[in-house]
Structures are given as structure tokens and as C-alpha cells.
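Each chain, written out:
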Amino acid sequence: MASGEDSQLYRDLMRFKPEGLSPNAWAVKAGVNRTVWADMRRHGNPSRRTLEKLLAAADSSLAEFEALRIGGYEIPSSLDPAGVGEAKRRGWRPQALPPLPLRQSRGAGEWGGAQSGIELIEILPSEQGQVPRPASLAGDNDAYAVTIVGDSMWPRFRPGRSVAVSPRSPVAIGDDVLVRLHSDGGEGNPALLKELVRRTATFLELRQFNPERSFRVEAADVEAIEKVAGEVI
């Protein structure tokens, strides 16, 4: 059973769980490893491939899952894939959502010195297209997306994929965040895309995965902290 600490995406996904299988057994049947499953349950940021595998194992599809989430259709807990089809035949239609602007991003060397191993990126004011808007950001007019340009957060985020960023969403310990740093007058905004480990009045403690690093950023150097809402699918 889902708990209050589970991500909204995980709770939505449980509506598609095959009867007779526990959530963990469903993950095993779909070929999703334990680490990826636990990360998705907590953070709600699976890859497109992970969702496709889970829904295929439930005789459903990513299109059905996203459509029902966007439309806000209340699915009974006993609804199986056949029931989903029946709901569609009753005339339900998903609500169209405006896309997210895709901000241009690029690598900007290392933060804290050339040998720190801490990847720094730069967010540019220009846009390079649009991506689908997740249903969870339907009411966030300030939300946008950026492309992952390095591998410092692998395997959570893969280089070349786009992630949604929500300036309005509250940020909690354990969230993935985009920390915007004060600009030195350059074209863009230097930023750190990491996991938030600790937050005080004077500093942030952040974590990256590859290479493994935990480090502090002085609060005086931070312009904004924005929640990374997950990979755009």
C-alpha cells in the first residue's frame, strides 16, 4: 500500500498494478531493479523506459497512463486495463496542457576549483524548443525544462534527457534541486543540479552521484533553489 511519503507518480502508477501482484512483484515481473524502483517510489522521477516496462507488464501503455493523469480521471482501485478502455468508451477525453519551454543549458566546468569533480552548468536565457508538460505542473506557469548536459547525477538522470524544473514547488530534504548561483556578469546563470542533503540559514549541503561528492554552498552565493520535478516523458 502506498504511504504518505510516496511520490504522486508512484501513487498514480499503483492504480495500474496487476491484480494478484504486490508492488515489488510487479517490479520484478517488469524487470525493474530494486534501486530504480525505490528511487521512483520516493522521488517520482523514473525514466521513460522504466515506465514503459512497468505498464507493459500490466497490459497497459504509457499513453494511457499519461492521459489519465493529465485528465484527472478518478480511477477505481479495482480498475484493470479493460476498465481503462471502458472509461474511454464513456467519452472521457484528456485535458490539453501547454508545453514547457526548454531552456538552453551547457557545461560550465567545475564548481569550487578545477580538481573538485563537482559539475557546474550554465542556464541560458534563450530557449531551444518545447517539451510536454507533466500533469503535476499544470498550474505552474513558471515551470520550464532543461537538458542534462553531464553525467554527475547518473544513474538518476541521464545525459541528453530533459528534466522539468518548478520554481513554485516547495523544496524538501532529499529532493533533486537546481541551485541557481549569483551570476558573475556572464551570458547565463551558473547552477548546480544536485540532491539537497541539508539546508540551514547559512549554507546548503548538496550531493552528486558521479563522482560521489557531498559539499556545501554558502547561502550568500545562492540566488534561488528550484525543485527538479523529474524527467520529462
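By convention here, each chain's residues receive numbers from 1 onward along its written sequence. Reporting in this predicted model follows two pLDDT cut-offs: at least 70 for local features of residues, and 80 or more for side-chain atom pairs to be given and counted; totals over whole chains, interfaces and linings ignore these cut-offs and use all residues. With hydrogens and water stripped out, all remaining heavy atoms of the structure feed into the side-chain values.

## Details of the overall build of the chain
In this text, helices come from DSSP runs of H or I with a minimum length of four residues, and strands from runs of E with a minimum of two, each type numbered from the N-terminal end. Per the secondary structure count, the chain includes six helices and nine strands. Exposure is judged per residue with a 1.4 Å probe applied to protein chains only, and the accessible area is read against the type maximum: over 50% gives exposed, under 20% gives buried, and values in between give partly exposed. Considering the chain as a whole, with its 233 residues, one finds that 47% of them fall into the buried category. Between two residues, a contact is recorded if the distance between any of their heavy atoms is within 4.5 Å. Within the chain, contacts between residues separated by at least 24 positions form 62% of all contacts whose residues are at least 6 apart in sequence.

## Some points on helix α2 (residues 23-30)
The complete set of buried residues in α2 reads P23, W26, A27 and A30. When α2 is viewed along its axis, its buried side chains cluster within an angular range of 100 degrees and face the same direction. Exposed and oriented more than 90 degrees from the buried face of α2 are V28 and K29. On the buried face of α2, the contacting elements are α1 (8-13), α3 (34-43) and α4 (48-57). Phi for G31, located one or two positions after α2, is positive at around 80 degrees. When we speak of the arc, we mean the arc of directions from the helix axis to the C-beta atoms.

## Looking at α3
For α3, every residue scored as buried is listed here: W37, D39, M40 and H43. Viewed end-on, α3 has its buried residues packed into an arc of 165 degrees, placing them on one side of the element. Set apart from the buried face of α3 by more than 90 degrees, the exposed residues are R34 and R42. Where the residues of α3 are buried, they touch α1, α2, α4, β5 (176-181) and β6 (189-199). Polar contacts here mean pairs of N or O atoms no more than 3.5 Å apart (in protein, one a potential hydrogen donor and the other a potential acceptor; neighbouring residues in sequence count only if both atoms are side-chain atoms). Of the residues that open α3, the one with a side-chain oxygen 3.0 Å from the backbone nitrogen of T35 is N33. G44 sits one or two residues past α3 and shows a positive phi near 65 degrees.

## Let's talk about the pairing of strand β4 (residues 162-166)
For β4, the tally of buried residues reaches five of five residues, placing the bulk of the element in the interior. Burial along β4 is two-sided: S162, A164 and S166 and V163 and V165, pointing in opposite directions, are all buried. When DSSP finds two or more bridges between two strands, those strands count as paired. The pairing of strand β3 (residues 144-147) with β4 spans four bridges and is classified as antiparallel. Bridge pairing in β4 places V146 opposite V163.

## Considerations on the pairing of β5
For β5, the tally of buried residues reaches six of six residues, placing the bulk of the element in the interior. What you see with β5 is no split at all: D176, L178 and R180 on one side and V177, V179 and L181 on the other are buried throughout. Pairing geometry for β5 and β6, over five bridges, is antiparallel. Looking at β6, one finds that V177 is bridged to K194. In this sheet, strand β9 (residues 222-231) lies alongside β5 in antiparallel orientation, the contact comprising five bridges. When the bridges of β9 are listed, R180 appears paired with A224.

## Re the layout of surface pockets
Cavity: a set of points on a 1 Å grid over the protein atoms alone where a 1.4 Å probe fits but cannot get out. Pocket: an open set with protein on both sides within 12 Å along at least five of seven lines, its lining residues, like those of a cavity, having an atom within 4 Å of a point. Grid points are joined across faces, edges and corners, and a volume is the space filled by probe spheres set on the points. The computed volume of the largest pocket comes to approximately 750 Å³. Lining the largest pocket are 38 residues; nearest its centre among them are S7, H43, G44, S136 and A229. Those elements giving two or more residues to the lining of the largest pocket turn out to be α1, α3, α4, α5 (62-71) and β9. It is β9 that contributes the most residues to the lining of the largest pocket, five residues altogether. Within the lining of the largest pocket, the residues separate by chemical class into 16 nonpolar, ten polar and twelve charged. Any residue that is not Ala, Val, Leu, Ile, Met, Phe, Trp, Tyr, Cys, Pro, Asp, Glu, Lys or Arg is counted as polar, Gly included; the first ten are nonpolar and the last four charged.

## Some words on empty space enclosed by the protein
With the rule as written, the count across this model stands at one cavity of 30 Å³ or more. Of the volumes computed, that of the largest cavity is approximately 80 Å³. Lining the largest cavity are E119, I121, T147, I148, V149, G150, S152, M153 and L193. Tallied by class, residues from the lining of the largest cavity come to five nonpolar, three polar and one charged.

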